[in-house]
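# Structural characterization, general
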Amino acid sequence: MPSYKLTYFNGRGRGELARLLFAAGGIEYEDVRVAGEQWQELKPKTPFGQLPILDVDGTMICQGMAIGRLIAKAVGLAGKTDLEAARADMIIDGLEDLGHKVLPIFIEKDENKKAELKKEFTEKTLPPALDHFEKLASAEGYFVGNSLTWADVNFFAFLGFMTGFVPGDHLKGKVNLNKVMGNVTSNAGIAKWLKERPETEF
Amino acid sequence: GVHCGACRKMSVYELHYFNNRGRAEPARLLFAAAGLPYRDIRIQSEQWPEYKLKLPMHQVPVLEVDGTMICQSVAIARYVAKVTGHAGKTDLEQAKVDMLVDGIDDVMTKKGDYVWHEKDETRKMEKKTAFYETTLPQFLSHFEKLLRTNNGGDGFLVGEGLTHADAWFLCLADDILLDFPDIFSPYPKLAALVERIRTYPGIKEWLAKRPQTPF
């Protein structure tokens, strides 16, 4: 078993997927949270000057989804075949696309502009995306095959992050997606983490 | 080479995209490098409104594998790379490849932002300038450094052979060289890598015969 050290800011954001997956697999890891000067010192040592990073026995991996995929493989949540893995990957990428569209709202400081962006996002961008995801999730509540994969876990993580600054009952009427959320939160390791994890702003 | 010879060779691969290199080209390069046959479908714009309705996220590229549809260009290229043995040899190596691909994808998305999404001409030029004066040089210097950590940088991006990270890198290079032919002069190892990928068996032949499109 390799030794794992995850470094991110003190928030869920792009670090939470890794934490949820470690929890699902019952894998021990160091959950490092940095800010300010500590981050400025670390930044030039990272591959792209960004977080999260995952140190695996001294090898530094960056990029949230590359990290997520590596841990998913380690805990058996990456899909059972190459094709299943690809189906999981496409859900991950679809969520990334949605994330790109929601990030400007998170970053925007001007309250009026922020409200405008939120309105456009919730009325124009989010509904068709959730329609696609609803169709891609099975009636049993899995994006891939008939068991939990990191695609389901990332959907849960993304919803949690997004709802933090774009509040709303976004999954109302989405039968399959609500099942996905239930499958994730009823995973024993994840349920325990959700009770224990620090409360953070994002 | 192709893994699991018999079962892989019998799969039917169909790649749906427009008549562009765009986000389908990394997969095309990987098919070419392996000599793996596939249907290179190029959709006409008139067909698009109806065509997209049968696609998982109403977007292209889509790779159909014996009828199963995979969308999202990065997911597609990774799958093709796994089939052809260009994904990386261990989980950790694959993660290194993945992180480089994600980095390239980030940069391509930033470029796409001003090329396709910014309508205001002044803002467009501002963003283009910022891209070429700040974003891209920062990215390329990280990348040159990362390349050099792999056996001195005289091979491919990760491990011993071509991976989908190299395929993506060539696509980015093709794109940025159109705007600035000298973009790689501060990054000699990256410049040499581009040539190395261009002359890779299979890819070399594809580059000579592929449809010539502006992007």
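Quick caveat: nothing in here was measured; it's all calculated off a predicted structure. Along each chain, the written sequence defines residue order, and numbers are assigned to residues from 1. Each chain is given a letter, starting from A, and each ligand a number, starting from 1, according to the order in which they appear as written. Selection of residues for local features in this predicted model requires a pLDDT of at least 70, selection of side-chain atom pairs for listing and counting requires 80 or more, and totals for whole chains, interfaces and linings are taken over all residues. To obtain the side-chain values, all non-hydrogen atoms of the structure were used and water was disregarded.

## With respect to the interface of chain B and chain A
In many analyses, interface size is given as the accessible surface area lost on bringing the parts together. In this description, contact between two residues means that some pair of their heavy atoms is separated by no more than 4.5 Å. At the junction of the two partners, chain B supplies 33 residues and chain A supplies 30 residues. When the two sides are added together, the surface that chain B and chain A hide from each other amounts to roughly 2,700 Å², 62% of it contributed by carbon and sulfur. Helix and strand definitions here come from DSSP, where helices need a minimum of 4 consecutive H or I residues and strands a minimum of 2 consecutive E residues; each element is numbered from the N-terminal end. Looking at the side of chain B that touches chain A, the elements that each hand over two or more residues are β4 (68-71), α4 (73-84), α5 (91-117) and α6 (121-148) of chain B. Element by element, the count of residues in the side of chain B that touches chain A is highest for α5 of chain B, at 12 residues. Side-chain classes follow a simple rule in which Ala, Val, Leu, Ile, Met, Phe, Trp, Tyr, Cys and Pro form the nonpolar group, Asp, Glu, Lys and Arg form the charged group, and the remainder, Gly included, forms the polar group. Looking at the side of chain B that touches chain A, its residues break down into 16 nonpolar, 8 polar and 9 charged. By convention, the term buried area covers the 1.4 Å-probe accessible surface removed from two parts as they join, with the contributions of both added.

## Description of the packing of aromatic side chains
Aromatic ring pairs are described here by two measures, namely the spacing of the ring centres and the angle between the planes. When two rings of Phe, Tyr or Trp (its six-membered ring) have centres within 6.5 Å they constitute a pair, described as stacked for plane angles under 30 degrees, edge-to-face for angles over 60, and tilted for the intermediate range. Overall, the coordinates contain 25 aromatic pairs over all chains when judged by the stated rule. A ring pair is formed by phenylalanine 9 of chain A and tryptophan 39 of chain A, whose centres lie 5.6 Å apart and whose planes are at 85 degrees; its orientation type is edge-to-face. Placement of phenylalanine 9 of chain A in strand β1 (residues 4-9) and of tryptophan 39 of chain A in helix α2 (residues 36-42) is noted, with a sequence separation of 30 residues between them. Looking at tryptophan 39 of chain A, the relative accessible area reads 8%, which means it is buried. Arranged with centres 5.9 Å apart and planes meeting at 80 degrees, the rings of phenylalanine 156 of chain B and tyrosine 200 of chain B form a pair that is edge-to-face. Remark: tyrosine 200 of chain B occurs in the loop between α8 (188-198) and α9 (203-209) and phenylalanine 156 of chain B occurs in the loop between α6 and α7 (164-179); sequence separation between them is 44 residues. The residues phenylalanine 156 of chain B and tyrosine 200 of chain B share a single accessibility class, namely buried. Throughout this description, buried means an accessible area under 20% of the type-specific maximum (1.4 Å probe, protein chains only), exposed means over 50%, and partly exposed covers the range between.

## Focus: a nonpolar patch on the surface
A residue counts toward a patch only above 30% relative accessible area and without a salt bridge, and it is joined to like-charged neighbours within 9 Å or, for Val, Leu, Ile, Met, Phe, Trp and Tyr, to nonpolar neighbours within 5 Å. Each accessible area is a Shrake-Rupley result for a 1.4 Å probe, and residues are judged covered by the shown protein chains and nothing else. What makes a salt bridge here is a side-chain nitrogen of Lys or Arg within 4 Å of a carboxyl oxygen of Asp or Glu, nothing more. Where nonpolar side chains cluster on the molecular surface, the patch consists of Leu103, Phe106 and Ile107 of chain A and spans about 240 Å² of accessible area. When you line up the elements, leucine 103 of chain A lands in helix α4 (residues 82-107).

## Description of the layout of surface pockets
Within this model, the second largest pocket holds a volume of roughly 400 Å³. The wall of the second largest pocket is formed by 20 residues, among which Met60 of chain A together with Lys96, Met99, Leu146 and Thr149 of chain B lie closest to the centre. Put plainly, a pocket is an open set of points on a 1 Å grid over the protein atoms alone with protein on both sides within 12 Å along at least five of seven lines, a cavity is a set where a 1.4 Å probe fits but cannot get out, and a lining residue has an atom within 4 Å of a point. Grid points are joined across faces, edges and corners, and a volume is the space filled by probe spheres set on the points.

## Focus on the sheet that holds strand β3 (residues 53-56) of chain A
Residue and element names in this part refer to chain A. With mixed pairing, the 4 strands of this open sheet are ordered in space as β2-β1-β3-β4. Single-partner strands in this sheet number two, and they are β2 (30-34) and β4 (59-62). Taking each pair of neighbouring strands and ignoring which way they run, the sheet shows an average axis angle of 20 degrees. Paired strands are those between which DSSP finds at least two bridges. Direction of pairing for β3 relative to β4: antiparallel, over a ladder of 4 bridges. Counted as the bridge partner of valine 56 is threonine 59 from β4. Lines are fitted to the C-alpha atoms to define the axes, a helix being fitted only along its stretch in contact, and any angle between axes, read from their N-to-C directions, falls within 0 to 180 degrees.

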